[in-house]
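Chain by chain, the residues run as shown.
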Amino acid sequence: MTSERDKTQSETIELREKIAALDAELAENFKSQFSVAPFLSRKIVSFQGNKDKPAYNWYKYKEAFSASLVEYFLGSYDGQISGKVLDPFAGIGTTLFAASSQSIPADGIELLPIGQEIIHARLLAEREITSDDIATLEHWITSFPWKEYPERVPFSTIRITENAYPQETIETIERYRSVLQRENKKIQAILRLALLCVLEGISYTRKDGQYLRWDARSGKRRPGTKAFDKGEILAFDAAITAKLKEILSDIREAESPVTLFPVNRAVEGIQLFKGSCLEILPTLEAATYGAVMTSPPYCNRYDYTRTYALELAMLGLTQAEVSNLRQEMLSCTVENREKDLLEICPQWTPFIEAANQQKLLQTIYTYLDHEKASGVLNNNGIPRMVREYFSEMTCVIGECARVLKPNARLFMVNDNVRYAEVSISVDMILSDIAQTLGFAVEKILVVPGKKGNSSQQMGTYGRAPLRKCVYVWRRR
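Residues numbered from 1 in each chain as written. Predicted model: local features only at pLDDT ≥ 70, side-chain atom pairs only at ≥ 80, totals over all residues. Heavy atoms only, no water.

*Asks:* Would you explain the pattern of salt bridges in this entry?
*Replies:* Opposite charge on two side chains makes pairing possible when the charged atoms of those side chains draw close. Summed over the entire model, instances satisfying the criterion amount to 27 salt bridges. Across the salt bridge formed by K31 and E28, the nearest N and O atoms sit 2.9 Å from each other. You can call E28 partly exposed: its relative accessible area is 47%. Among the ionic pairs, R326 bridges to D303, the shortest N-O distance being 2.7 Å. Separated by 23 residues along the polypeptide, R326 in helix 12 (residues 319-328) and D303 in the loop between strand 7 (289-294) and helix 10 (304-307) bring together distant segments of the chain. (Salt bridge = Lys/Arg side-chain N within 4 Å of Asp/Glu carboxyl O. Buried < 20%, exposed > 50% of the residue type's maximum accessible area, 1.4 Å probe, protein only. Helix = DSSP H or I, 4+ residues; strand = E, 2+ residues; numbered from the N terminus.)

Spelled out as structure tokens, the structure:
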């Protein structure tokens with residue numbers, strides 16, 4: 001007699017085999033578009049490629065791709081890009097500034113205030129820096145005007161950032177925040193940016209995948225867990241002056257007239273829309289853009305409101321505001337609740353139907369629901385997260401098709417993921433959906449050296465390889 005457990009295991013095997021067969025079928029369909037691209041190193045498709053680029057390397061935004069990647073793709077299609085470039089997930093503005101440096105105007109959409117703040121600071125700093133401004137920055141570097149300043153501007157904390165800094169560091173930050181208010185707007189922007197750049201280094205925390213990891217010296221070690229030592233916790237004065245020296249050095253090395261970035265002022269420029277791309281994309285005019293260059297959040301459970309909690313708290317967000325941000329993000333974490341996409345835009349019915357018709361995706365949904373019912377998932381929110389991720393990404397893709405000019409291209413960096421021992425071919429699923437929404441899939445460029453599993457699954461499945469790709473789609 002077949003037991004319930006045997007039946008469940010049999011259904012699991014059957015669903016996995018069906019997923020493998022549908023995946024192989026898609027791979028056959030796209031085999032002419034797939035190619036390993038030697039120039040797409042892990043460095044160039046990540047923030048690592050910005051480490052030696054002035055201004056791009058000021059703030060360590062680990063979710064960014066490099067300016068060199070933008071320059072490569074926009075340069076490869078030079079003469080074929082007519083109009084502005086759009087990045088619906090602008091981050092800290094890599095696409096915007098790299099496009100502008102090639103005399104291509106660019107629009108970006110960004111939800112997280114940390115990205116908005118950095119882009120804003122860079123746009124302010126783009127204006128000519130006077131000799132008086134340089135003298136002011138030199139004064140801050142050499143004279144530490146915050147050290148003896150009597151007034152302090154407290155900053156807020158949220159639950160995840162409580163006790164994130166030594167008490168002396170907290171008091172010093174508050175004096176720094178107070179005295180910078182005496183300066184002009186450009187200098188204030190640079191000083192605030194420098195502060196955001198050093199927060200991790202002067203704190204007890206380290207960004208680690210989907211969360212903040214806490215040094216044992218913080219007193220936040222949970223019973224039964226291994227003590228974590230992040231190494232040197234930087235003193236505020238040393239950290240902030242080092243960052244300001246770096247910024248000032250970049251200013252001095254810029255071409256005359258002195259600017260922070262070699263942005264061509266003849267172009268239309270950079271425009272940033274603040275908010276969710278799901279809300280903003282439907283408001284943009286159709287057939288306006290000459291290219292889209294972007295990297296959306298991956299379907300990997302990373303919660304950026306936790307990763308960048310120090311910065312969000314320093315920018316004054318409350319616990320409720322951070323929680324609201326988490327729900328506004330593209331669904332990529334298990335805490336995301338279902339969004340009413342048709343309430344956001346009633347015209348999205350064909351987009352949602354395109355996702356509903358993708359056979360591999362629907363089978364993956366069935367499999368994850370089955371594994372949830374079997375009690376084997378490490379988090380029961382995974383099926384909902386995956387379902388919402390693809391539904392929302394389909395709407396983003398549909399909107400990108402709408403706002404792109406005919407024959408314009410979309411370049412997207414994204415990762416495949418794995419849940420419950422099954423690899424989800426995000427690259428092929430999204431490319432297949434894109435074909436139904438008006439795109440021709442020209443290339444799926446594979447980054448050499450496949451990435452390992454997510455941190456949540458490393459212990460169970462080891463470094464099972466997953467593809468990281470750049471998709472090149474052309475608007476038909």
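So, next bit.
*Asks:* I tried to follow the packing of helix 1 (residues 4-29) against helix 17 (residues 426-436) on my own but got confused; where do I start?
*Replies:* Axes are the key here: two packed helices are described by the angle between their axes and the distance separating the axes. At their nearest, the axes of helix 1 and helix 17 sit 10 Å apart, and the two run at 65° to each other. Handedness of the helix 1/helix 17 crossing: left-handed. Within the contact between the two elements, helix 1 uses D23, L26 and A27 and helix 17 uses M428, I429 and D432. Tallied by class, the residues present in the contact of helix 1 with helix 17 amount to four nonpolar, no polar and two charged. (Axes fitted to C-alpha atoms, helices over the stretch in contact; angles between N-to-C directions. Left-handed = near helix turned anticlockwise from the far one by under 90°. Contact = heavy atoms within 4.5 Å. Nonpolar A, V, L, I, M, F, W, Y, C, P; charged D, E, K, R; others polar.)

*Asks:* Is there a simple way to explain the packing of helix 16 (residues 382-403) against helix 17 in this structure?
*Replies:* Running from amino to carboxyl end, helix 16 crosses helix 17 at an angle of 45°, the nearest separation of the two axes being 10 Å. Here helix 16 is positioned oblique relative to helix 17, judged by the angle of their axes. Helix-helix and strand crossings are classified by hand; for helix 16 and helix 17 the assignment is right-handed. Along its contact with helix 16, which presents F390, M393, T394 and I397, the element helix 17 presents V426, I429, L430, I433 and A434. Of the residues contributing to the contact of helix 16 with helix 17, the split by class is eight nonpolar, one polar and no charged. (Parallel < 35°, antiparallel > 145°, perpendicular 65-115°, else oblique.)

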